[in-house]
Amino acid sequence: MIPGLWRLRLPLPLPGVPHCNAWAIAAGDGVVLVDTGMHEPGSMAELERSMAQVGLGVDQVRLLACTHAHVDHWGQAATIRDRAGCEFWLHPNHQHGFSTATDPELALARRLEIGRQSGVPEAVLRRYAERSRGMASGIARVIEPDRALVAGVEIETDLGTWRAFETPGHAPSHVCLFQAERRLLISGDHLLGRISLYFDYGWTNDPIGEFLSSLDVVDLLDARLALSGHGKPFIDVRGHIEANRTLVRKRLAAAESAVRDEPKAAVEIAPSVYGEELTETNTGWRLQETLCYLRHLELQGRVSRESEGDLATWGGITA
Ligand SMILES: [Zn+2]
Ligand SMILES: [Zn+2]
């Protein structure tokens, strides 16, 4: 598509998310690599294969910059840095992504606690804990970034300078990279071609508020092409931004109306938000997303939170 810019499509072992994209950008005698794919057996060979298909090699990576600290975007950072001897840049609010590798038991305990507060039955939580304990983290090794990829940091390439914009919401560490002359946006998971929302719950005060602000940040850039973390690049960036806003507004309204008549736990509210029942595979992320909506509504004074023992319930506020 654009000379000097390559989409590296990497397989993922995640249900419903079969691939992610890393992006290679020509830079002098090598490339800047944006994102890494997840670490698992054979995953470096996959990266090598997809780079070789476009005549590149991992040892040509001069800089590795990651859009955020989800495993599919930074999981192979350590292996790539070891191999290429390059620097690794990532936003400093990366604890949300490091914790599953640095302290897996604590990370699991946190997720179980969220489930318990949300009203998930103990038997379901037990099965979830058993499944989780056997699972690999998707992270080759935890390494600290060589440089904090914060707002205003610039990355020089043959396609021009890319500037980092902080876009928290999907994850506290999320940044987008923008090439102003060409109006190219590396959008990570902040904007995807297929509108699909995910928010890390419990790391920042108001992920939904942050996400909506981050949509405004990207809207002002007036990008003409988005190179996203999953799926094909897309034009009509504005349309995608607006579709995200619309979906968030719709789900906020659904969460609010679900608790209008009586207080409910998050596990009872989530089916109204999505218009379908929870399943064991989607409960985790749908609960997190629902809790983010409820938190946003709470901060707006539209719902209130009550605790009884481990359980939290949410109720409407009568004016
Ligand atoms: Zn992500
Ligand atoms: Zn992703």
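Let us look at the structure shown here. All residue numbers refer to position in the chain's written sequence, counted from 1. Working convention: letters from A go to chains and numbers from 1 go to ligands, in the order in which they are written. Predicted model: local features are reported for residues with pLDDT of at least 70 only, side-chain atom pairs are reported and counted for 80 or more only, and whole-chain, interface and lining totals are derived from all residues. Only heavy atoms go into the side-chain values, all of them from the structure, while hydrogens and water stay out.

**Looking at the pattern of salt bridges**
The following threshold applies: For salt bridges, the criterion is a side-chain nitrogen of Lys or Arg within 4 Å of an Asp or Glu carboxyl oxygen. Numbering of helices and strands runs from the N terminus; a helix is a DSSP stretch of H or I covering at least four residues, while a strand is a stretch of E covering at least two.
One pass over the structure, following the stated rule, counts 22 salt bridges. Of the charged contacts, one joins Arg116 and Glu122 as a salt bridge, the two residues approaching to 2.8 Å between their closest N and O atoms. Measuring nitrogen to oxygen at the nearest pair gives 3.0 Å for the salt bridge that ties Arg286 to Glu276. Residue Arg286 is found in helix α10 (residues 283-299), and its partner Glu276 is found in the loop between α9 (266-274) and α10; the two are separated by ten residues along the sequence. One salt-bridge network, in which partners are shared between bridges, spans Arg183, Asp216, Asp219, Asp222, Arg238, Glu242, Arg245 and Arg249.

**Looking at the sheet that holds strand β3 (residues 30-34)**
Adjacent strands of a sheet form backbone hydrogen bonds with each other and so pair up, either parallel or antiparallel. Condition: Between any two strands, at least two bridges found by DSSP are needed for them to pair.
Across the sheet, six strands lie side by side as β1-β2-β3-β4-β5-β6; this open sheet has mixed pairing. The sheet is open, and its two edges are formed by β1 (5-14) and β6 (147-148), each paired on a single side. Pairing between β3 and strand β4 (residues 61-65): four bridges, direction parallel. Its bridge partner being in β4, Val32 is matched across the sheet by Leu63.

**Section: the nonpolar core**
Under the convention used in this document: Only buried residues count toward a nonpolar core. Its members are Ala, Val, Leu, Ile, Met, Phe, Trp, Tyr and Cys residues joined through side-chain atoms within 4.5 Å. Only protein chains enter the accessibility calculation, which uses a 1.4 Å probe; a residue whose area is less than 20% of its type maximum is buried, one above 50% is exposed, and one in between is partly exposed. Residue contacts follow a heavy-atom distance rule, with two residues in contact if any of their heavy atoms lie within 4.5 Å.
Ranked by internal contacts, the top residues of the largest apolar core, which has 42 residues, are Leu185, Leu191, Phe199, Val248, Ile269 and Tyr293. If you list the elements that add at least two residues to this core, you get α5 (104-118), α6 (122-133), β9 (175-179), α7 (207-221), α8 (237-258), α9 and α10. Broken down by element, this core gets its largest block of residues, seven residues, from α8. For Phe199, the contacting residues outside a window of four places in its chain are Gly169, His170, Pro207, Ile208, Phe211, Val248, Gln288, Glu289, Cys292 and Tyr293. Counting residues in hydrophobic clusters, the runner-up holds 30 residues, among them Leu8, Leu64, Ala69 and Ala77.

**Some remarks on unusual backbone geometry**
With a phi close to 75°, Asp35 is a non-glycine residue in the positive phi region. Secondary-structure assignment places Asp35 in the loop between β3 and α1 (43-52). At Asp236, a residue that is not glycine, the phi angle is positive and equals roughly 55°. Take Asp236: it is sitting in the loop between β11 (225-228) and α8.

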